[in-house]
Structures are given as structure tokens and as C-alpha cells.
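# Structural overview
The primary structure of each chain is shown beneath.
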Amino acid sequence: MDSLQNLIPETMLPDMMFYVFAGLTLGFGILVVANPFSRNPVTSAMFLVLAVISMAGLFVLLHAFFLAAVQVIVYAGAVMVLFLFVIMLLDIKDEQKRKIKKGFLLAGLLSVGTIAGLFIKGLHATRLDAHPSPTTEGDTALLGKLLFGQYVLPFEVVSVLLLVAMVGVILLSKKDLK
Amino acid sequence: MHAGLEHYLTVSFLLFSLGLLGVILRRNLLVIYMSLELMLNAANLALVSFSRFNDNLNGQVLVFFIITVAAAEVSVGLALIVALYRRRQSAHVEDLTTMKL
Amino acid sequence: MEQSQLMQYLPVLMLIVVAIGFAAGTLTISVFLGQSAKRTKAKDMAYECGANPIGENTPRFSIKFHLVAMLFILFDIEVVFLYPWAVVYRDMLADHATRNLILGSMISFMFILFAGYLYALKKKAFDWKN
């Protein structure tokens, strides 16, 4: 490991990895939405798994180590498995390639353009010369202190949300519910 | 080049746009749902990078809650899709234009 | 110092690179070194004891336990919250101001989720036999 650190300066490696992971995330994201080779939802789901995992890499680069683990466990591990389950359950055929309707394309470009405008405006409005130095460590202990201190009420509300979701799922899925 | 806040925000913006385009242009309900997940992930990335560069952890706690809400949303949404599919035998938005089941 | 925690993830990165490299390398080498047989339509067909296969090659299979999978995700999230709780539990218990909060908050959280669990049990959500 020491030799590798000598090979690449320590400050360079995270920046290089940022470009790698950012590229991977965006590339896989494109393959989720518009895969030129396959219209099968299973392919989209598998690429979403890859996109989520490369985003976990970005989280590590942002020193959010615990969130990176959560991202892999919850998104890649649980949510995507459920997606695949449902795709298999529904037995959806490959979608036919079809012409994109002009109206939808216009709506899409309009909304993306609006967001792009807001984003660029926002970037220019901030003082870009004042580069904030990254300091925050995604320490699990600090995160827990904040979560169970200042954010303890949202935390309790989350349990109610999960309860509601549970009841909803059971009501929707059980056919012969008395 | 040093990867600063604006780089991360650009990635987040591009990912969000991708998800939005997917929601608007794709016709398969499940793919639309996956695009929604992509948009939520983009928001997460923006929050984490803000948290990293602004020296407080509030953003990361918010990401916690977003992941929770996303998981709840996915389970209820997929249950809805399954229920819908049982009635209509289709997960295509163009087949689901009437409100009556 | 600042980068040192990130550097702990260097082995993970190396592991990922080695894993992908091994899989990709094996596949590539086998393409170059292995003898490729001639592919015909009959050879690519699924083997069904000599008879031609009938119907689709991707039959639909019933996943009756998808409800359990959906409920699993909701309980999976609970574990995500339990983990930082376990990390800070001892510290916050030692502190007088947060002593009651740390235990009480998790007990009420679990209690509400347990109500959901009981509801699922009562509605026979875990029973996928029929």
C-alpha cells in the first residue's frame, strides 16, 4: 500500500476516482433510462443496481462512509431485489421500440431546460471563488448523535410512515382480505 | 482538476435530468419507477455533497430520511403496480388512461 | 490526516478492481484461447430430450411471497436506523441529558413497528401457501 501511495499522490487519487465514479454513475444512469440494446425492464433494473453502487463510491469520496454502506445494503440489496421480483411476477414482455411523441419530448426538454437554467443561474449566483474546503467527516457516531438528538422527532415520525406503508402494502396485496 | 462542490452538483443535476427524462418519455410503469429512484438518488448526492462542503452533517441525516421514504414509496408503489396489473394485465401507461378499474 | 480515513477504503477499491479484472480477464482469455464451435440454430435450441421445445423459453413463475419481500424492505430500513443507534448508545446513556431519550426513542420506534408486524401477522401476510 505504501508503494501505491508513493506512485499516486494522496491528494490526486480521490479526484481521479471522482471522475471515474461520476462517469460510471452517469453512464449506467443513461443505460437505465435509454438502453439502445434492450428494452427489457430487467436490464434497466440491473443497470440501476450498478448506478447505485457507483453512487456509493461517490458517497465514500464525500466521506459519507455509513451512507455508502446503507446505499449498497438498502438500494442495491433490498429495493432492487424487490424490483426484480415484481418484474418477474408481472412477466412483462420486451417493450416495442416506438416513436417518441413530439409533445412528450417537448415537455421533457422544457422541464430539463428549466432545471438547467436554474442550476446554471444558481452556480453563477454563488461566489465560486470562495471554494469551501471539505471538512465534514461522515462519522457514524456523530451521525447517530445528530439523528437521536436534534432529529429524534422525524425519526419517530418515520416509524409511523413505515407502519402506514406496511398497512398499505398488505391491504393492496391481499386479495381475500376480510 | 480538483473535484469541488460544483462538480458533484453537476453530476447530481445530470442524473436528475436523466431520471426526469425517463419519467416523462418512458412508457413502462416499472422503468418510470426506476427513473424516479434515479431522481431520488440524485437528490441524495446533492445533499451529501452540500453536507460535506458546508461543514455540518444535517444533509446526511436528511439522506437517511430520504432513503427511508424511498423504500416505503417503492414497496407501496410496487404493490400498487401489482394490483393494477392483476386488473388490467398491463404495466403500460398508455393502457392505464381511465380512472375506473 | 484529513485523507487518512478515505485511504482506508483503498483496499476496497483494489478488491473491486481485482474482482472485475479477474472476471473480465477470464472471459476474454477463454474467447481467445478456447475453440469456438460453429453455432447453428438447432444447436442454440434448448435441449428437451430430442424433441423441439414448445412455447416460450422464459416461462412465468409465480412469486407468491412478493408480499413478504415488500414487508422485508420496510423492516430492513429499521436495521439501518438501529446501526447508528447501537454506535452512540453507550455514549448517550452515560450523558445525563440524553439518557432517557436514547432508550425511549428506540423503544417507541420499535413499538410502532411491532404494531405493524402484529397487523401483518393477523392478516396472514406471511402465509403464502394459498
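Residue numbers restart at each chain and count upward from 1, following the sequence in its written direction. Chain labels run from A onward and ligand labels from 1 onward, assigned in the order the entries are written. Confidence filtering applies because this is a predicted model: local features only for residues at pLDDT of at least 70, side-chain atom pairs given and counted only at 80 or more, and all residues used for totals across whole chains, interfaces and linings.

### Quick look at the confidence of the model for chain A
pLDDT is a residue-level measure of predictor confidence that goes from 0 to 100. With 81% of its residues at a pLDDT of 70 or more, chain A shows a mean pLDDT of 83. Element-level mean pLDDT values for chain A span from 53 in helix α1 (residues 2-7) of chain A up to 92 in helix α3 (residues 41-61) of chain A. Secondary structure elements follow DSSP: runs of H or I no shorter than four residues count as helices, runs of E no shorter than two count as strands, and numbering proceeds from the N terminus.

### A look at the interface of chain B and chain A
How big an interface is tends to be stated in terms of the accessible area lost upon association of its parts. Contact between residues is assigned whenever the C-beta positions, reconstructed from backbone atoms, fall within 7 Å. With 59 residues of chain B at the contact, the number on the chain A side is 64 residues. Considering every element that reaches the side of chain B that touches chain A, the biggest residue donor is helix α3 (residues 58-88) of chain B, with 20 residues. By the convention adopted, Pro, Cys, Tyr, Trp, Phe, Met, Ile, Leu, Val and Ala count as nonpolar, Lys, Arg, Asp and Glu as charged, and the other residues, Gly among them, as polar. When its residues are assigned to classes, the side of chain B that touches chain A shows 38 nonpolar, 15 polar and 6 charged.

### Here we look at the interface of chain B and chain C
Tallying the contact residues gives 8 residues for chain B and 5 residues for chain C. A class-by-class count of the residues in the side of chain B that touches chain C yields 6 nonpolar, 2 polar and no charged.

### Side note on helix α4 (residues 66-94) of chain C
The end-to-end C-alpha separation of α4(C) is 43 Å, in line with the 42 Å expected for 29 residues at 1.5 Å each. By definition, a residue's bend is the angle between the axes fitted to the seven residues ending there and the seven starting there. Its maximal kink placed at C:Val88, α4(C) deviates by approximately 50°. Within the span of α4(C), buried status applies to C:His66, C:Leu67, C:Met70, C:Leu71, C:Ile73, C:Leu74, C:Ile77, C:Val80, C:Phe81, C:Pro84, C:Val88 and C:Met92. Packing partners of the buried residues in α4(C) comprise α4 (65-90), α6 (140-147) and α7 (152-173) of chain A, α3 of chain B together with α5 (99-122) of chain C. An expected span of 1.5 Å times one less than the residue number is assigned to each helix. Exposure classification rests on a simple neighbour count of other C-beta atoms within 10 Å of a residue's own: a residue reaching 20 or more is buried, one at 12 or fewer is exposed, and one in between is partly exposed. C-beta atoms are placed from the backbone.

### A word on the environment of A:Leu142
Residue and element names in this part refer to chain A. Relative to the elements of secondary structure, Leu 142 occurs in helix α6. Residue class for Leu 142 comes out partly exposed when judged on the 17 C-beta atoms lying within 10 Å of it. Distance in space between the C-alpha atoms of Leu 142 and Val 81 is 31 Å, their sequence separation being 61 residues.

### Some points on the nonpolar core
Any set of buried Ala, Val, Leu, Ile, Met, Phe, Trp, Tyr and Cys residues joined through C-beta atoms within 7 Å is what this text calls a nonpolar core. One finds A:Phe59, A:Val79, A:Val169 and B:Ala71 to be the most contacted residues of the largest nonpolar core, which totals 105 residues. Every residue in contact with A:Phe59, bar those within four places of it in the chain, is listed here: A:Ala64, A:Leu67, A:Ala68, A:Gln71 and B:Val48.

### Focus: unusual backbone geometry
Peptide bonds are mostly trans, and most non-glycine residues show a negative phi. Residues and elements named next belong to chain A. With a phi angle near 60°, His 63 is a residue other than glycine that sits in the positive phi range. By the secondary structure assignment, His 63 is in the loop between α3 and α4. According to the C-beta neighbour criterion, His 63 is buried, with 24 such atoms within 10 Å.

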